[in-house]
Amino acid sequence: MNKSRKTALQTYELSELRTLTLGGFPQKITIDGKTKTAPILISLHGGPGSPLPFSEGCRGMFPEITDKLTLVCWDQLGCGINDYPIDDSFRIKNFTDMTADLIREIKRSFPENKLYLFGVSWGSILAAYAASSPEAYLLDGVFISGQVICDMTFNGEVEEALKSSKMPEGKKKKLDSLMSAHTADNAKLVMSYIRKYTEGYVCKAEKSAPVGRILMGMLTSPDYTFKNLKAALINGYMKNSSLIKELLEIDLREVLENVKVPYLIMQGDRDIVTSVKAVERFVSETENGNLSFIKIENSGHVFGEVAMNRIISEIIRYACP
């Protein structure tokens, strides 16, 4: 464990693992901040089921955030420290309900603190519903990386990118049939092609995020066991198909039109997973003045080190003027 992390764990006014009931399930969260009066940032990770980089195993690891803000990390039900089998009875609404419960619980504990959400990819869905819900009055703002809107995976932009890529011709010939059948299995295959043959996920020009350092930090966490670390990567979502099916059909345009708090979307300029072009166009055409947009250069759907630093700096600039 490095010196800065030890210092944070020993000297912060807020540094704890707490159990709450969210959506009817007991779940653990971490609360991590230098001062009790700082604005609070609830992290809503991607996936579903991918609690990186801001997992509960990372308490004390991000002083660049927690020296200014209090970071609340929640390994969503089904992964990490809250591993649980997510069968096909689960729907997106189950997770939006858990998110609403988390917002209420944090606001109850810290009624005087400003409260923000940071949603990444799948987490942007949970954030959008929260920001347009009755709980929106509890929030001071929302930050997003990788906003989901509609027509995920099966769209002309993805098809064009793959057909113009160096993907083998045999796979290109099968692409039309893949793109016409909107199944979970086809979506997983197309996503694997995006990851392998385009920069839609990761920009080659960008230095990757320090995954090794983050995983080592999780391994030496005061909160995580090795079992928790394994469940951050291989977890209760592995056999689920209901959430993927909903993701393929979701249309958040009306939800985003009704967002009631400042809502900043930061999208990588190479992102075709959650299309940067579609997001930029939507924000420019909407009449909802709460929505704003920043394009992050040299970044795909998964932010690298430079993009992550830019996103963190934008969050701090808005939340701590």
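Residues numbered from 1 in each chain as written. Predicted model: local features only at pLDDT ≥ 70, side-chain atom pairs only at ≥ 80, totals over all residues. Heavy atoms only, no water.

### Considering the packing of helix 3 (residues 92-109) against helix 4 (residues 122-131)
Heads up, the condition is: Fitting a line to C-alpha atoms yields each axis, with helices limited to the stretch in contact; the angle taken between N-to-C directions then spans 0 to 180 degrees. Numbering of helices and strands starts at the N terminus; helices are DSSP runs of H or I of at least 4 residues and strands are runs of E of at least 2. By definition, turning the near helix anticlockwise from the far helix through less than a right angle yields a left-handed crossing, and turning it clockwise yields a right-handed one. We call two residues in contact when some of their heavy atoms are within 4.5 Å. When residue character is reported, Ala, Val, Leu, Ile, Met, Phe, Trp, Tyr, Cys and Pro are called nonpolar, Asp, Glu, Lys and Arg charged, and the others, Gly included, polar.
Orientation of helix 3 relative to helix 4, taken along the N-to-C sense of each, is 65°, at an axis distance of 9 Å. For the crossing formed where helix 3 meets helix 4, the hand is right-handed. Only Trp122, Ile125, Leu126, Tyr129 and Ala130 of helix 4 make contact with helix 3, whose side of the interface consists of Ile92, Phe95, Thr96, Thr99 and Ile103. In the contact of helix 3 with helix 4, the residues fall into eight nonpolar, two polar and no charged.

### Considering helix 3
Stated formally: Given the number of residues in a helix, its expected span is that number minus one, multiplied by 1.5 Å. Relative accessibility decides the category of a residue: with a 1.4 Å probe and only protein chains considered, values under 20% of the type maximum give buried, values over 50% give exposed, and everything between is partly exposed.
Helix length check: helix 3 (18 residues) gives 26 Å between terminal C-alpha atoms against 26 Å at 1.5 Å per residue, within 8%. Those residues of helix 3 not exposed but buried are Ile92, Phe95, Thr96, Met98, Thr99, Ala100, Asp101, Leu102, Ile103, Ile106 and Lys107.

### Some thoughts on the sheet that holds strand 7 (residues 263-268)
Our working rule: Two strands qualify as a pair provided that DSSP identifies no fewer than 2 bridges between them.
Ordered by their spatial adjacency, eight strands build an open sheet running 1-2-4-3-5-6-7-8, and the pairing between neighbours is mixed. The open sheet has two free edges, formed respectively by strand 1 (14-22) and strand 8 (291-296), since each of these has just one partner strand. Within this sheet the neighbouring strands show an average axis-to-axis angle of 20°, counted without direction. Judged from the six bridges that link them, strand 7 and strand 8 form a sheet pairing that is parallel. Within strand 8, the residue paired with Met266 across the bridge is Ile294. Lying on the sheet, helix 12 (residues 276-285) is in contact with strand 7 and strand 8; it crosses strand 8 at an angle near 150°.

### With respect to the pairing of strand 5 (residues 115-120)
We apply this condition: If the strands point away from the viewer and the path from the first strand over the helix to the second runs clockwise, then the crossover is right-handed.
Burial analysis of strand 5 places six of its six residues in the buried class, which makes it a mostly covered element. With five bridges connecting them, strand 3 (residues 40-44) and strand 5 associate as parallel partners. Residue Ile42 lies in a different strand from strand 5, and its bridge partner there is Leu117. Two strands pair when backbone bridges link them, and strand 5 and strand 6 (residues 141-145) are joined in this way by five bridges, in the parallel orientation. Paired with Leu117 across the bridge in strand 6 is Val142. Handedness of the crossover is the feature at issue here: the chain leaves strand 5, passes through helix 4, returns alongside strand 6, and the resulting connection is right-handed.

### Focus on the packing of aromatic side chains
Convention followed: The aromatic pairing rule takes the rings of Phe, Tyr and Trp, using the six-membered ring of Trp, and pairs them if the centres are within 6.5 Å, calling planes under 30 degrees apart stacked, those over 60 edge-to-face and the rest tilted. Whether a charge sits over a ring comes down to the Lys NZ or Arg CZ being within 6 Å of the ring centre and within 35 degrees of the ring normal.
Evaluated as defined, the whole model comprises eleven aromatic pairs. Their ring planes at 35° and their centres at 6.1 Å tell us that Phe25 and Phe90 sit as a pair that is tilted. In this pair, Phe25 sits in strand 2 (residues 25-33) while Phe90 sits in the loop between strand 4 (70-73) and helix 3, placing the two residues 65 residues apart along the sequence. By relative accessible area, which is 21% here, Phe25 ends up partly exposed. With relative accessibility at 6%, the residue Phe90 sits in the buried group. Each ring, one from Phe95 and one from Trp122, has its centre 5.7 Å from the other, and the planes form 75°; the classification is edge-to-face. Of this pair, Phe95 sits in helix 3 while Trp122 sits in helix 4, and the two are 27 residues apart along the sequence. For the pair formed by Phe95 and Trp122, the shared burial category is buried. Through a chain of ring-to-ring contacts, the aromatic side chains of Phe25, Tyr84, Phe90, Phe95, Trp122 and Tyr237 assemble into a single cluster. The aromatic ring of Tyr201 is capped on one face by Arg195, whose charged end is 4.2 Å from the ring centroid.

### A short note on helix 8 (residues 211-219)
Each full turn of the α-helix corresponds to 3.6 residues, which orients residues three or four apart in the same direction. This is how the line gets drawn: The arc in question is the one spanned by the directions pointing from the helix axis to the C-beta atoms.
Of the residues making up helix 8, those classed as buried are Ile214, Gly217 and Met218. Within helix 8, the buried residues cover an arc of 100° as seen down the axis, which keeps them to one side.

### Concerning a nonpolar patch on the surface
Just so we agree on the cut-off: For patches, a residue must show more than 30% relative accessible area and have no salt bridge; joins then use 9 Å for like charges and 5 Å for nonpolar side chains, namely Val, Leu, Ile, Met, Phe, Trp and Tyr. Here the open area of atoms and residues is found with the Shrake-Rupley method and a 1.4 Å probe, where only the protein chains shown may cover a residue. Each salt bridge in this description consists of a side-chain nitrogen of Lys or Arg and a carboxyl oxygen of Asp or Glu lying within 4 Å of one another.
Nonpolar side chains collect at one region of the surface, where Leu52, Leu233, Ile234 and Met238 lie side by side and expose about 380 Å² of accessible area between them. If you trace the backbone, Met238 turns up in the loop between helix 9 (226-233) and helix 10 (242-249). Its relative accessible area of 52% is what places Met238 among the exposed residues.

These figures capture arrangement, not role.
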